[in-house]
Amino acid sequence: MNIKDKLNETVKVVPPSGIRKFFDLANAIEGVISLGVGEPDFATPWHIREEAIYAIEKGRTFYTANKGLLELRTEIARYLKRRFDLNYDPEKNILCTVGGSEAIDLALRAILNPGDEVILPVPGYVAYEPCIMLAGGKTVHVELKEEDHFKLTRKQLKAAISPKTKALLINFPGNPTGGVMSREDFEPLIDLIKEHELIVITDEIYAELSYGQKHCSLASFDEIKDQVILISGFSKAYSMTGWRLGYLAADPVFVDAILKIHQFAIMCPTTISQYAGIEAMRKGDRDAEMMKASFEQRRNYIVNGLNRIGLSCPMPEGAFYVFPSIQSTGLSSDAFCEKLLNQQKVAVVPGTAFGQAGEGYVRISYAYSIDEIKEALGRIEAFLKHIQ
Ligand SMILES: Cc1ncc(COP(=O)(O)O)c(C=O)c1O
């Protein structure tokens, strides 16, 4: 028997993550400085860890409601009101998930029928296109441009809409570009979203990492709020990647449909993480701010450094990534990253890992110490001198 023949046809053609492939290479080399991984370098704040320890001590180790603890959903609703002036009912509108990742997958699976089109701005987060494929959808790319500061324009959205369009999947602040959309940037899109009845899945996992401006949620536009599935989580804002806790907020029709998949596939996110999440929502605002201030400092440092050594790098307004152009080197993104790794032992991610639209760019995460960033910049400078 050829076991491969037995696999699902879509699973067979989903490509493996370009980031993983590259880091398998990097891990095999000694002395590598990696600026590749997209996770905060802080330990989860102690009071949040302590709450999880306490939950274990108290024996809070049982399943929770499928939607997550009502106490946690209540805190999430309060948080969304406090931070972004969004009104959600904890009982009807909120579902706790295993990271934002589960929410992305389930939202797509709950709405897509075979052949439905999903408009996806690219370069974009690596999981989106595979999740669209696995849910039976068809991805329609919209190429975000550096000259537009990697924002989605009305003209681009309009051109991408077809009678088969079911949804728009967006992510601002964005991975890998750091692009941000303000209220003024979103405004021209709203009537299109309404007129064409687009469901918008908005992944706002980097909402707390908006620099110099307040994050604007697409869910704050009342005229389309019932069409919006808002996704977020604890990983980036509170440095809780390993806790695997996220959530979505949406109209009850969406929540109930998503719950059908979630309850059979997952049941509920880890109970101990949920108790930690309650603490993060109640008392974590200051931690999130402190971490953001540190990221902002590192952002300024790396952007100045990259421009100084000759890689053109705009100042991103959100997340913890820079997306410099490497076009001046004449190398492809893949070749640049491979040579940099082999010659100077610095690992950054080729822009093409986020779709073909990322050709000519690399993604560098600055969720690393200033010392590591400084060392990496020195090595990149030496690399650039060598190839010139
Ligand atoms: C844009 C984006 N969405 C979602 C995720 C997944 O986050 P989580 O840890 O909440 O599953 C990531 C992780 O890197 C991300 O960059």
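What counts and how
Residues numbered from 1 in each chain as written. Predicted model: local features only at pLDDT ≥ 70, side-chain atom pairs only at ≥ 80, totals over all residues. Heavy atoms only, no water. Helix = DSSP H or I, 4+ residues; strand = E, 2+ residues; numbered from the N terminus. Expected span 1.5 Å × (residues − 1). Buried < 20%, exposed > 50% of the residue type's maximum accessible area, 1.4 Å probe, protein only. Arc of directions from axis to C-beta. Contact = heavy atoms within 4.5 Å. Near = heavy atom within 4 Å. Polar contact = N/O pair within 3.5 Å; in protein donor to acceptor, adjacent residues only side chain to side chain. Areas by Shrake-Rupley, 256 points an atom, 1.4 Å probe, with all protein chains shown as cover. Nonpolar A, V, L, I, M, F, W, Y, C, P; charged D, E, K, R; others polar. Pairing = 2+ DSSP bridges. Salt bridge = Lys/Arg side-chain N within 4 Å of Asp/Glu carboxyl O.

Undergrad: Kindly report on helix α12 (residues 333–344), identifying the contributing residues and their values.
TA: Relative to the 16 Å expected for twelve residues at 1.5 Å per residue, α12 spans 16 Å between its end C-alpha atoms, a close match to the ideal helical length. Along α12, the residues that are buried comprise S333, F336, C337, L340 and L341. Burial along α12 is one-sided: seen end-on, the buried residues are contained in an arc of 125°. The inward-facing, buried residues of α12 abut α2 (18–27), β10 (346–347), β11 (349–350), β12 (362–365) and α13 (370–387). Backbone geometry just after α12 places K345 at a positive phi near 55°.

Undergrad: Quick one: what's the story with the site of the ligand, residue by residue and with numbers?
TA: Around the ligand, the surrounding shell holds 14 residues, and the nearest of these are G100, S101, D203, S235 and K236. In this structure, an oxygen atom belonging to the ligand sits 2.7 Å away from a side-chain N or O atom of R244. With the chains in place, 92% of the 400 Å² that the ligand exposes on its own is no longer accessible. Here the element with the most residues in the shell around the ligand is helix α5 (residues 99–111); it accounts for four residues. Of the residues in the shell around the ligand, the class split is five nonpolar, six polar and three charged.

Undergrad: Mind laying out the sheet that holds β11, listing which residues take part and the relevant values?
TA: Taken in spatial order, the three strands line up as β9-β12-β11 in an open sheet, and their pairing is antiparallel. The open sheet is flanked by β9 (321–322) and β11, the only strands paired with a single partner. Across two bridges, the pairing between β9 and β12 is antiparallel. Counterpart to Y321 in the pairing with β12 is S365.

Undergrad: Run through the pairing of strand β8 (residues 246–249), naming residues and quoting values.
TA: For a regular strand, the rule is simple: side chains alternate between the two faces of the sheet. Taking every second residue as pointing to the same face, both faces of β8 are buried, with G246 and L248 on one and Y247 and A249 on the other. Taken together, the four bridges between strand β2 (residues 94–97) and β8 define a ladder with antiparallel strand orientation. Residue pairing for β8: T97 is matched across the bridge by G246. Relative to β8, strand β7 (residues 228–233) runs antiparallel, the two sharing four bridges.

Undergrad: Which residues make up the pattern of salt bridges, and what values go with them?
TA: Tallied over the entire structure, the rule returns 18 salt bridges. For R282, the salt bridge is made with E75, and the minimal N-O distance between the two is 2.9 Å. With R282 in helix α10 (residues 271–283) and E75 in helix α4 (residues 70–84), this residue pair connects regions lying 207 residues apart in the sequence. R282 sits in the partly exposed class, given a relative accessible area of 44%. Classification of E75 as buried rests on a relative accessible area of 5%. With a closest N to O distance of 2.8 Å, K166 and D116 form a salt bridge. On the criterion of sequence distance, the pair formed by K166 in strand β5 (residues 165–170) and D116 in the loop between α5 and β3 (117–122) is long-range, its members being 50 residues apart.

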